[in-house]
Number of protein chains: 2
Amino acid sequence: MQDGTSLSPGYPGDTVRGDAYAADCPTRRLLDRVGDKWSVLILLLLGDSPRRFSELKRCIAGVSQKMLSQTLRSLERDGLVTREVDGSVPIKVVYRVTPLGRELLGALRQMIDWAETRMGAVAAAQARYDARGETAAEMVALPG
Amino acid sequence: MQDGTSLSPGYPGDTVRGDAYAADCPTRRLLDRVGDKWSVLILLLLGDSPRRFSELKRCIAGVSQKMLSQTLRSLERDGLVTREVDGSVPIKVVYRVTPLGRELLGALRQMIDWAETRMGAVAAAQARYDARGETAAEMVALPG
DNA sequence: CTGTATCCAAAGGGATACTG
DNA sequence: CAGTATCCCTTTGGATACAG
């Protein structure tokens, strides 16, 4: 794989801003980070209120200790959450969203709302598509 | 609205409504679909104007024929793009965003804008984080 | 309690070859 | 032109064990 930055469409009539659609455009880089299995879930939870590691673990159904830790480390590295270690044994760690993280959460708001209101429509479209496929298969198996 | 926003957990007792952050919430399902390597890029391109397969292939640096085809099929199945086959050899196929797809694009707008203006801040945060790590490593290697 | 390290299975995705 | 099929390497992420 190449770096993908090149891109020189210059197609007649297309208004594409050159690098806007490169494989490493900002949008792609963001999705590479928060498009994983747990990041947005964690961000939402922390946006709600600061939480300790074990609380997050309990709140998020199905997350493994490894992935929770790993994802939190990534979010911290990206400047989206902070990590505060409290005292000694038994150690307590509190995670909070940073202003940058809260900003991102705001930018994700519309997408989240869309998902909640429209993923039903997507599911319906999938059902129609799959039904069409099955019908076609039947027509081949049982031609008129 | 819904599940992701208005929960009121008082900190310690965590009042989180169980399934609100389940791994299969609408947001997670959406990200499972458009969080992949090419979906949003393709959607953005088609939102700009309808395009043929080969145009998309040329516009998107680094995409393989397999992944372009596969991603378009998914988007079509989800009701986000349409596929129109034009005539005979050499065959031509035009893809367009559907109203639902355009709606999603609108919902992604803020996220995209945030990415374009703030991913620099994220990169900076990463640099700081990594520098801290290296410094710590040096301090271990070369203690006082 | 909050992690890290290791092992392993499954999914993602690129290269290539082939088809209508 | 617009795909599909195959091979295969890489990445993701769960389970488990261990540690401060």
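Cut-offs used in this document
Residues numbered from 1 in each chain as written. Chains lettered and ligands numbered in written order. Predicted model: local features only at pLDDT ≥ 70, side-chain atom pairs only at ≥ 80, totals over all residues. Heavy atoms only, no water. Buried < 20%, exposed > 50% of the residue type's maximum accessible area, 1.4 Å probe, protein only. Helix = DSSP H or I, 4+ residues; strand = E, 2+ residues; numbered from the N terminus. Contact = heavy atoms within 4.5 Å. Pairing = 2+ DSSP bridges. Near = heavy atom within 4 Å. Polar contact = N/O pair within 3.5 Å; in protein donor to acceptor, adjacent residues only side chain to side chain. Core = buried A, V, L, I, M, F, W, Y, C linked by side-chain atoms within 4.5 Å. Least-squares fit on C-alpha atoms with pLDDT ≥ 70 in both. UniProt positions renumbered as here; feature names shortened; annotations may be inferred. Salt bridge = Lys/Arg side-chain N within 4 Å of Asp/Glu carboxyl O.

1. Notes on helix α1 (residues 26-34) of chain B
Consideration 1: Among the nine residues in α1 of chain B, seven count as buried, and that is most of the element.
Consideration 2: Within α1 of chain B, burial applies to Pro26, Thr27, Arg28, Leu30, Leu31, Arg33 and Val34 of chain B.

2. Here's the deal with the environment of Leu80 of chain B
Consideration 1: Tracing the chain through its elements places Leu80 of chain B in the loop between α4 (65-77) and β2 (81-86).
Consideration 2: Residues Leu80 of chain B and Gly101 of chain B, spaced 21 residues apart in sequence, show a C-alpha to C-alpha distance of 4.1 Å.
Consideration 3: Residue contacts for Leu80 of chain B: discarding those within four places in its chain leaves Trp114 of chain A together with Leu43, Leu75, Arg96, Val97, Thr98, Leu100, Gly101 and Leu104 of chain B.

3. What about the pairing of strand β3 (residues 92-97) of chain B?
Residues and elements named next belong to chain B.
Consideration 1: For strand β1 (residues 51-52) and β3, the ladder comprises two bridges, and the chain directions are antiparallel. Along β3, the bridge assignment pairs Arg52 with Val94.
Consideration 2: Summarising the sheet, β2 and β3 pair through six bridges and their orientation is antiparallel. Within the sheet, the bridge partner assigned to Thr82 lies in β3 and is Arg96.

4. Points about the protein's contact with DNA strand C
Consideration 1: The local shell around DNA strand C holds 18 residues, among which Ser69, Arg83 and Tyr95 of chain A together with Lys66 and Met67 of chain B are the closest.
Consideration 2: Here the atoms of DNA strand C within 4 Å of the protein split so that 63% fall in sugar or phosphate, with bases taking the remainder.
Consideration 3: Contacts to DNA strand C include Gln65 of chain A, whose side-chain N or O atom sits 2.9 Å from a base nitrogen.
Consideration 4: Taking Ile91 of chain A, its main chain carries an N or O atom lying 3.4 Å from a sugar or linking oxygen of DNA strand C.
Consideration 5: Elements that contribute at least two residues to the surface near DNA strand C include exactly α3 (53-59), α4 (65-77) and β3 (92-97) of chain A together with α4 of chain B.

5. With respect to the nonpolar core
Consideration 1: In this structure, Trp114 of chain A together with Trp114 of chain B are the most contacted members of the largest nonpolar core, which totals 70 residues.
Consideration 2: Not counting chain neighbours up to four residues away, the residues in contact with Trp114 of chain A comprise Met119 and Val122 of chain A together with Leu30, Leu80, Leu100, Glu103, Leu104 and Ala107 of chain B.

6. So, the protein's contact with DNA strand D
Consideration 1: The environment of DNA strand D is made up of 19 residues, and the closest members are Lys66 of chain A together with Gln65, Ser69, Arg83 and Tyr95 of chain B.
Consideration 2: The protein-proximal atoms of DNA strand D, defined as those within 4 Å of the protein, are 62% sugar or phosphate.
Consideration 3: Gln65 of chain B places a side-chain nitrogen or oxygen 2.7 Å from a base nitrogen of DNA strand D.
Consideration 4: The contact in question runs from a phosphate oxygen of DNA strand D to an N or O atom on the side chain of Ser69 of chain B, over 2.8 Å.
Consideration 5: It is α4 of chain B that provides the largest number of residues to the surface near DNA strand D, a total of four residues.

7. Considerations on the relation of the copies chain A and chain B
Consideration 1: Mapping chain A onto chain B is achieved by rotating through 180° and translating by 0.0 Å along the same axis, at an RMSD of 0.1 Å. Here the two chains are linked by the operation of a two-fold rotation axis. For chain A, the minimum C-alpha distance to the rotation axis belongs to Gly35 of chain A and amounts to 2.4 Å.
Consideration 2: Counting the interface residues of chain A, we find that 87% of their copies in chain B are interface residues as well, pointing to one common contact surface.

8. Quick notes on the UniProt feature "domain: HTH hxlR-type" (unreviewed entry) in chain A
Consideration 1: What UniProt calls "domain: HTH hxlR-type" (unreviewed entry) maps, in this numbering, to residues 25-123 of chain A.
Consideration 2: The span residues 25-123 of chain A is 65% helical and 14% strand by assignment, and the distance between its end C-alpha atoms comes to 29 Å.

9. A word on the pattern of salt bridges
Consideration 1: Inspection of every chain in the model, using the stated rule, returns 18 salt bridges over all chains.
Consideration 2: One salt bridge in this structure joins Arg118 of chain B and Glu103 of chain A, with 2.6 Å as the shortest N-O distance. Here Arg118 of chain B is found in helix α5 (residues 99-141), whereas its partner Glu103 of chain A is found in helix α5 (residues 99-141) on a different chain.
Consideration 3: A cluster of three or more residues bridged by salt bridges with shared partners is formed by Arg33, Asp36 and Asp78 of chain A.

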